[in-house]
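Descriptive analysis of the structure
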Amino acid sequence: MKSLVVLPTYNEAENVLAMIDEVLAQDPSLEVLVVDDGSPDGTGDLVQAKGVDEPRARLLRRAGKLGLGTAYLAGFDYGLREGFDQVLTMDCDFSHKPSYLPNILAGMADHDVMIGSRYVPGGGIANWPFHRRFLSRFANFYTRILLRLPTKDCTSGFRCYSREVLETINTHEIRSSGYSFLEEMVYRIHRSKFRIGETPILFEDRVLGTSKIDRSEIFRAAFHVLHAAFFPPKRPKRG
Ligand SMILES: Nc1nc2c(ncn2[C@@H]2O[C@H](COP(=O)(O)OP(=O)(O)OP(=O)(O)O)[C@@H](O)[C@H]2O)c(=O)[nH]1
Ligand SMILES: [Mg+2]
């Protein structure tokens, strides 16, 4: 089994090399692809230099800040093209701790998708202020009700997708970015009757670097979920 861990980055120079090292240390089957959107802080150059003596660390540079959703799409395409059996995604700010990777990989034995989940027993959020916890809880409640999803954490970006899932659901039809991209992925996967598993993670707020999420994204995501509820995507044929 060959697995690709996609790390989208925008100004993560303080985190990126330590993240790569910790991820690669978890399992010999793992390789890393950093999808960097021309970070002004030189994140891309650090990864390129790292790749010189670490063949398991790869870099995909994009010209400008094109958003998290399309960074995931670029990572999925790369993983499929390069023959990986599964593609994982994680934030590159240590909110998603690499030490959970073995649990996520183990879950893939009997699931098509695994999600590192804050909202299953044993999971949680360490140091978020009340308003962010509330927002995340509300977003998940709203999404689960409207889209009738059994998944507890629909907005977690800590995931592993099997090759078959990425080949089946039409990821390029997903127009939304950020949180609603993640919600729509879960929705499409669930509608195609793939097995979605969740394993608990303790999510911790970033220590280094700054947040890139903007407030308008929250409203766009809420609208997008509503839209998906009334106009569901076509169910693709499986395999
Ligand atoms: N390639 C790429 N990566 C991005 C973009 N926006 C954010 N990222 C990365 O996506 C990951 C998640 O972004 P964060 O800023 O941590 O967003 P968040 O976790 O929702 O917000 P915080 O909890 O405040 O950190 C990080 O690794 C970012 O560097 C983008 O436009 N392009
Ligand atoms: Mg973060």
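Residues numbered from 1 in each chain as written. Chains lettered and ligands numbered in written order. Predicted model: local features only at pLDDT ≥ 70, side-chain atom pairs only at ≥ 80, totals over all residues.

Some words on the overall build of the chain
- Of the regular secondary structure elements, the chain holds eight helices and nine strands.
- Expected size for 239 residues packed as a compact globule is a radius of gyration near 18 Å; at 17 Å, the chain falls within 12% of this value.
- Projected onto its principal axes, the C-alpha positions of the chain cover 50 × 45 × 35 Å.
- Expressed as a percentage of the 239 residues in the chain, the buried residues total 43%.
- Excluding contacts between residues fewer than 6 apart, the proportion of contacts in the chain whose partners are at least 24 apart in sequence is 82%. (Helix = DSSP H or I, 4+ residues; strand = E, 2+ residues; numbered from the N terminus. Rg over C-alpha atoms; globule rule 2.2 N^0.38 Å. Buried ≥ 20, exposed ≤ 12 C-beta atoms within 10 Å, placed from the backbone. Contact = placed C-beta atoms within 7 Å.)

What to know about the site of ligand 1
- Around ligand 1, a shell composed of 21 residues is seen, among which Pro-8, Ala-71, Cys-92, Ser-211 and Lys-212 lie nearest.
- Here the shell around ligand 1 is built from residues that sort into eight nonpolar, four polar and nine charged. (Near = placed C-beta within 6 Å. Nonpolar A, V, L, I, M, F, W, Y, C, P; charged D, E, K, R; others polar.)

Some remarks on the packing of helix H1 (residues 16–26) against helix H2 (residues 43–53)
- Packing of H1 against H2 leaves a shortest axis separation of 9 Å and a crossing angle of 40°. With respect to H2, the axis of H1 lies oblique. For the pair H1 and H2, the contacting residues are Val-16, Leu-17 and Ile-20 in the first and Thr-43, Leu-46, Val-47 and Lys-50 in the second.
- Considered class by class, the residues forming the contact of H1 with H2 number five nonpolar, one polar and one charged. (Axes fitted to C-alpha atoms, helices over the stretch in contact; angles between N-to-C directions. Parallel < 35°, antiparallel > 145°, perpendicular 65-115°, else oblique.)

Thoughts on the sheet that holds strand E8 (residues 196–200)
- Spatial strand order, E3-E2-E1-E4-E7-E5-E8: seven strands in an open sheet with mixed pairing. Two strands lie at the open edges of the sheet, namely strand E3 (57–61) and E8, each paired on one side alone. The sheet shows a mean angle of 20° between the axes of neighbouring strands, direction not considered.
- As paired elements, strand E4 (residues 86–89) and strand E7 (residues 159–162) share four bridges and run antiparallel to each other. Bridge pairing in E7 links Val-87 to Tyr-161. (Pairing = 2+ DSSP bridges.)

Some points on the packing of helix H5 (residues 130–147) against helix H8 (residues 215–230)
- Between H5 and H8, the shortest axis-to-axis distance is 9 Å and the interhelical angle comes to 15°. In terms of axis orientation, H5 runs roughly parallel to H8. When you trace H5 past H8, the crossing you get is right-handed. When H5 is examined against H8, the residues Leu-135, Ala-139, Tyr-142, Thr-143, Leu-146 and Leu-147 are found in contact with a partner set consisting of Ile-218, Ala-221, Ala-222, Val-225, Leu-226, Ala-228 and Ala-229. (Left-handed = near helix turned anticlockwise from the far one by under 90°.)

Comments concerning helix H3 (residues 68–81)
- Taking 1.5 Å of rise per residue, the 14 residues of H3 would be expected to cover 20 Å, and the 20 Å separating its terminal C-alpha atoms lies within 8% of that figure.
- Of all the positions in H3, only Leu-68, Gly-69, Ala-71, Tyr-72, Leu-73, Gly-75, Phe-76 and Gly-79 are classed as buried.
- Check the buried side of H3 and you find it contacts strand E1 (3–9), strand E2 (30–36), E4, helix H6 (163–168) and helix H7 (178–191). (Expected span 1.5 Å × (residues − 1).)

Re the pairing of E3
- Both E2 and E3 contribute to a ladder of five bridges, which runs parallel. Residue pairing across strands places Asp-36 opposite Arg-61, the latter belonging to E3.
- You can see the chain leave E2, run along H2 and come back into E3, and the turn it takes is right-handed. (Right-handed = clockwise from strand over helix to strand, strands pointing away.)

Observations concerning the environment of Lys-234
- Turning to its location among the elements, Lys-234 is positioned in the segment after H8.
- With 43 residues separating them in the primary sequence, Lys-234 and Arg-191 have C-alpha atoms 9.1 Å apart.

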